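Here are the chains, one letter per residue:
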Amino acid sequence: MSILRKAALGAATSALLLAGSAVPALAAAPAPQAAPGDGWVLVASSGDFTAQSTWDESTSWGSSEGTITTTAASGWVKDLDDDGYCAQVVIKWYGTNGKTDTDYSPQACPQGDEDDFSKKPGDSSYWTATGYEVYMQRV
């Protein structure tokens, strides 16, 4: 075998071995959480923030009711379907100077489980939000 063919064969073998070793690492990586719109339902958003907003949303798999202001959100979430998934509320808070926070309600499951929640923008150092989005998601 010529030196050129040996070099080409060695390079190809090395590439296959490297590619083969990378595949298990990629397969073991956790799947990203579904993005809004894929198993998510927008139940409330600020647009222009009012003193208090409420929501009451129901789908085939979950329902939620709640109230949100610039400083707090509270409500409940309920699992409505015996499908192996849970229902959860996600609150995305927006503040001045690019400040953001995301809060999650407890996951309501199995079917019929209803969980209350109470959240504030910020983590231990609370602040006043200038906007928000509230989603109900299937997890």
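Because the structure is a prediction, the values reported are computed rather than measured.

Visitor: Any details on the overall build of the chain? Residues and values, ideally.
Guide: Scanning the chain from terminus to terminus reveals 1 helix and 8 strands. What you see in the chain, going N to C, is helices and strands ordered as α-β-β-β-β-β-β-β-β. Per-residue burial over the chain gives 30% buried out of 139 residues. A fraction of 56% describes how many contacts in the chain between residues 6 or more apart in sequence connect residues 24 or more apart. Per element, the accessible surface of the chain, about 8300 Å² overall, is 54% carbon and sulfur.

Visitor: For the pattern of salt bridges, give the residues involved together with the corresponding values.
Guide: Under the criterion given, the structure shown has 1 salt bridge. For D83, the salt bridge is made with R138, and the minimal N-O distance between the two is 2.4 Å. Of the two residues, D83 sits in the loop between β4 (73-79) and β5 (87-94) while R138 sits in strand β8 (residues 131-138), which places them 55 residues apart along the sequence. R138 sits in the partly exposed class, given a relative accessible area of 33%.

Visitor: Before we move on, can you summarise the side chain of Q137 with the specific residues and values?
Guide: For Q137, the location among the structural elements is in strand β8. Since its relative accessible area comes to 1%, Q137 is described here as buried. Engagement of the side chain of Q137 in a polar contact is seen with the side chain of W40, the distance being 3.3 Å. A polar contact is formed between the side chain of Q137 and the side chain of Q88, at a distance of 2.6 Å.

Visitor: Report on the state of the cysteines, specifying residues and quantitative values.
Guide: Working definition: the covalent bond between the sulfur atoms of two cysteines is a disulfide. Per the stated rule, a full pass over the model turns up 1 disulfide. Here C86 pairs with C109 through a disulfide, and the sulfurs are 2.0 Å apart. Judged by the sign of its S-S torsion, about 60°, the cystine formed by C86 and C109 is right-handed. Of this pair, C86 sits in the loop between β4 and β5 while C109 sits in the loop between β6 (100-104) and β7 (114-119), and the two are 23 residues apart along the sequence.

Visitor: For a negative patch on the surface, give the residues involved together with the corresponding values.
Guide: Together, D56, E65, E114 and D116 give the surface a local cluster of negative charge. Position of D56 among the secondary structure elements: in strand β2 (residues 53-58). According to the relative accessible area criterion, D56 is exposed, its value standing at 59%.

Visitor: Could you give an account of the environment of S45, naming the residues involved and the relevant values?
Guide: Within the secondary structure, S45 sits in strand β1 (residues 40-45). In this structure S45 comes out as partly exposed when scored by relative accessible area, which is 40%. Placed 46 residues apart in sequence, S45 and I91 show a C-alpha to C-alpha distance of 9.5 Å. Beyond its immediate sequence surroundings of up to four residues, S45 is in contact with Y132 and E133.

Conventions we followed
- Residues numbered from 1 in each chain as written.
- Predicted model: local features only at pLDDT ≥ 70, side-chain atom pairs only at ≥ 80, totals over all residues.
- Heavy atoms only, no water.
- Helix = DSSP H or I, 4+ residues; strand = E, 2+ residues; numbered from the N terminus.
- Buried < 20%, exposed > 50% of the residue type's maximum accessible area, 1.4 Å probe, protein only.
- Contact = heavy atoms within 4.5 Å.
- Areas by Shrake-Rupley, 256 points an atom, 1.4 Å probe, with all protein chains shown as cover.
- Salt bridge = Lys/Arg side-chain N within 4 Å of Asp/Glu carboxyl O.
- Polar contact = N/O pair within 3.5 Å; in protein donor to acceptor, adjacent residues only side chain to side chain.
- Disulfide = S-S within 2.5 Å.
- Patch = residues over 30% accessible without salt bridge, like charges linked within 9 Å, V, L, I, M, F, W, Y side chains within 5 Å.
- Lys, Arg positive; Asp, Glu negative; His and termini not counted.
- Charge placed at Lys NZ, Arg CZ, Asp CG, Glu CD.

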